[in-house]
Amino acid sequence: MAKLKNVLWIMADQLRYDYLSCYGHKTLHTPNIDRLAAMGVKFNRTYVQSPICGPSRMSFYTGRYVRSHGSTWNGFPLRVGEPTLGDHLRELGVRCSLVGKTHMVPDAEGMKRLGIEPESVIGNFVRECGFEPYERDDGLHPTALSHHSNLAYNEYLRAHGMGGENPWEDWANSAEGPDGEILSGWYMQNAHLPARVPAEHSETTYMMNRGIDFMEEAEGPWLCHLSFIKPHWPYMAPAPYNDMYSAKDLPPVVRTDEELRTDHPFLKSWQETRVSECFSRDDVRDRVAPVYMGLIKQLDDEMGRLLDYLEKSGRLEDTMIVFTSDHGDNMGDHWLGEKDLFYDCSARIPLIIYDPRPEADSTRGTSTDLLAEGIDLAATFVECFGGNAKPHILEGRSLMPIIEDRVGSWRKYAISEYDYSTRSPRRALDVDEADARLIMVFDGRWKYIHCEGFRPMLFDLETDPGEVVDLGAVAEHEQTRERLRQEMDRWSRTHHNRITISKARIEKLTDIGEPPGILIGYWDAPKAENSDTSG
């Protein structure tokens, strides 16, 4: 296949797949993201490897499952030496740059143990998850917790007349009361109010500007990870996006009274968390979800500006564009808030890939129901830049055969994992941190969820697309549960840390047998011909 020159990899934070019109939303029209879908392939069944920011992104950036890279929760460092997309692309002479968010925490102890200076070239790559940061901004800078004085976005806001100790919080994520008081966006009662920052200086517009700045300056080949902060909370949008939608524009909430009466202690404990009880209130969802929609609409408008720039600059001719998110948002569905657990509103994401090469012409404007995983992107990028496959390291599968309409056999199931060791339900359930984990296996119809220490959950998305009926204790579905449990066990038993040696090298070692001069198990000297040198 012809090699691509550049890749623009766009990621929105906490964007539900079904809050785009190309994925079926009835009132939130996203014509520019739809435009991208018409140019490429829309993947209808893509699942993240964990429905939470940090571990999901670490899987994207390593091409490996959460159990493999070990960064299982936000703030859990990615260990020194874990190969990243940046490592693989630099081998191919490709610049791997970041504009925006990674949620990466460096392994400072590991760097110190190995004598890696944080400010060295290698140290910078380790600290930044393999990326060369053009501008990094993880987007969560509350005054009480973050060191924000040198945040580039804060300096930008100050330069445009929006001062204070922390403009990110006081302008971009706060509103103004009738007497000039600052109303924090952390409190969802203020979500409907316009952010103090004008839309042209908001986080989404600013980050798009920086992405375009990178492309104006960059010389190929490059991969740019343009990673937006919104529509992640705080749910606060600048005018006119703050009140562009109302409760009547929301899709019906997906939840039943039977779900509240669940006999599953894990689900019950999650429903009783503060964020879930809050989003289970109609008045909260009716106020927050329209603003969430407004933030998505602003992102779509910025996508329109980006596509126009790419077309005018000629970049559409040599640049692959990938659009996705790191996970979704429960938004009150299933009586839950935030993005935890494996319901489709959280674990299923949008994925659209535009490939400018003629080899992709036959699939333009199409969609596929084949199961994809977030880890597939790393393998895809390595292939599209002409690299050799690395199945001993990259656990995902390149999506290029789908894009080029040459796919043969494909995966039978998707895997996602969740570590709830730091979450309050673990205490309520009296679960040891080592056992606080869930694993999802989804085969395209049946979604099986292993809950260590509890009975499993099971949902039939063919008859129950809303996932409101848990079949995990229904006797007639025992065979299905056992089949998927065996698939999970087989996945768990596969090699996942034998990454320093390839299959080809192992086959060669097998053929060589014992190294020359190493004679194990012989009674006398072996014959020169037809001797068994395997030991």
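Residues numbered from 1 in each chain as written. Predicted model: local features only at pLDDT ≥ 70, side-chain atom pairs only at ≥ 80, totals over all residues. Heavy atoms only, no water.

1. A word on the nonpolar core
Here is step 1 of the chain: One finds L8, I10, Y153, M215, L306, L310 and F323 to be the most contacted residues of the largest nonpolar core, which totals 69 residues.
Here is step 2 of the chain: Counting residues per element, this core draws most heavily on helix α13 (residues 282-313), at 14 residues.
Here is step 3 of the chain: If near-sequence neighbours (up to four positions away) are discounted, L8 is found in contact with M215, W222, C224, L226, L306, L310, T319, M320, I321 and V322.
Here is step 4 of the chain: In this structure, I52, I349, A372 and I449 belong to the second largest nonpolar core, which totals 67 residues. (Core = buried A, V, L, I, M, F, W, Y, C linked by side-chain atoms within 4.5 Å. Buried < 20%, exposed > 50% of the residue type's maximum accessible area, 1.4 Å probe, protein only. Helix = DSSP H or I, 4+ residues; strand = E, 2+ residues; numbered from the N terminus. Contact = heavy atoms within 4.5 Å.)

2. Regarding the environment of S346
Here is step 1 of the chain: Secondary-structure assignment places S346 in helix α14 (residues 344-347).
Here is step 2 of the chain: C-alpha separation for the pair S346 and M303, spaced 43 residues apart in sequence, amounts to 23 Å.
Here is step 3 of the chain: Sequence-distant contacts of S346, defined by excluding residues within four places in its chain, comprise P51, H327, G328, D329, N330, K339, D340 and L341.
Here is step 4 of the chain: A distance of 3.5 Å separates a polar side-chain atom of S346 from the backbone oxygen of L341. (Polar contact = N/O pair within 3.5 Å; in protein donor to acceptor, adjacent residues only side chain to side chain.)

3. What about the packing of aromatic side chains?
Here is step 1 of the chain: In total, this model carries 23 aromatic pairs according to the counting rule given.
Here is step 2 of the chain: Ring geometry for Y61 and F131: centres 5.0 Å apart, planes at 90 degrees, overall edge-to-face. Residue Y61 is located in helix α2 (residues 53-62), and its partner F131 is located in the loop between α6 (121-127) and β4 (132-136); the two are separated by 70 residues in the primary sequence.
Here is step 3 of the chain: Relative accessible area serves as the criterion here: at 0%, Y61 is assigned to the buried category.
Here is step 4 of the chain: Overall, the relative accessible area of 1% leaves F131 in the buried class.
Here is step 5 of the chain: An aromatic cluster is defined as three or more aromatic residues linked by ring pairs; in this entry it consists of W9, F60, Y61, F131 and F381.
Here is step 6 of the chain: Taking NZ or CZ as reference, R255 lies 4.4 Å from the ring centre of W335, over its face.
Here is step 7 of the chain: Geometry around F442 places K447 over its ring, the cationic atom sitting 5.7 Å from the centre. (Phe/Tyr/Trp six-rings, centres within 6.5 Å; stacked < 30°, edge-to-face > 60°. Lys NZ or Arg CZ within 6 Å of the ring centre and 35° of its normal.)

4. Regarding α2
Here is step 1 of the chain: Taken across its 10 residues, α2 has 10 buried, putting it largely inside the fold.
Here is step 2 of the chain: For α2, the set of buried residues is C53, G54, P55, S56, R57, M58, S59, F60, Y61 and T62.
Here is step 3 of the chain: Looking at the residues trailing α2, positive phi occurs at G63, about 70 degrees.

5. A few points about the sheet that holds strand β2 (residues 41-47)
Here is step 1 of the chain: The strand order across the open sheet built from 8 strands is β4-β3-β7-β1-β8-β9-β2-β10, with neighbouring strands paired in mixed fashion. In this open sheet, the two edge strands, each paired with only one partner strand, are β4 and β10 (366-373). Here the average twist between neighbouring strands, direction ignored, is 20 degrees.
Here is step 2 of the chain: Taken together, the 6 bridges between strand β1 (residues 6-12) and strand β7 (residues 222-227) define a ladder with parallel strand orientation. Considered in β7, the bridge of N6 is made with W222.
Here is step 3 of the chain: Each of β2, β8 (319-325) and β9 (348-354) touches helix α1 (residues 31-39); the most contacted strand, β9, lies at about 60 degrees to it.
Here is step 4 of the chain: Running over the sheet, α13 touches β1 and β8 and is turned about 170 degrees from β1. (Pairing = 2+ DSSP bridges. Axes fitted to C-alpha atoms, helices over the stretch in contact; angles between N-to-C directions.)

6. Describing the pattern of salt bridges
Here is step 1 of the chain: In this structure the tally under the stated criterion is 50 salt bridges.
Here is step 2 of the chain: A salt bridge links R127 to E119, with the shortest nitrogen-to-oxygen separation between them at 3.6 Å.
Here is step 3 of the chain: Taking the relative accessible area as the measure of exposure, E119 reaches 62% and is therefore exposed.
Here is step 4 of the chain: A salt bridge links K447 to E467; the shortest N-O distance between them is 2.7 Å. Taken together, the residues span a long stretch of sequence, with K447 in strand β13 (residues 446-451) and E467 in the loop between β14 (457-460) and α18 (478-493) at a distance of 20 residues. You'll find K447 and E467 in the same group, each marked buried.
Here is step 5 of the chain: One continuous salt-bridge network, built from bridges that share partners, spans D355, R357, E359, E383, E404 and R406. (Salt bridge = Lys/Arg side-chain N within 4 Å of Asp/Glu carboxyl O.)

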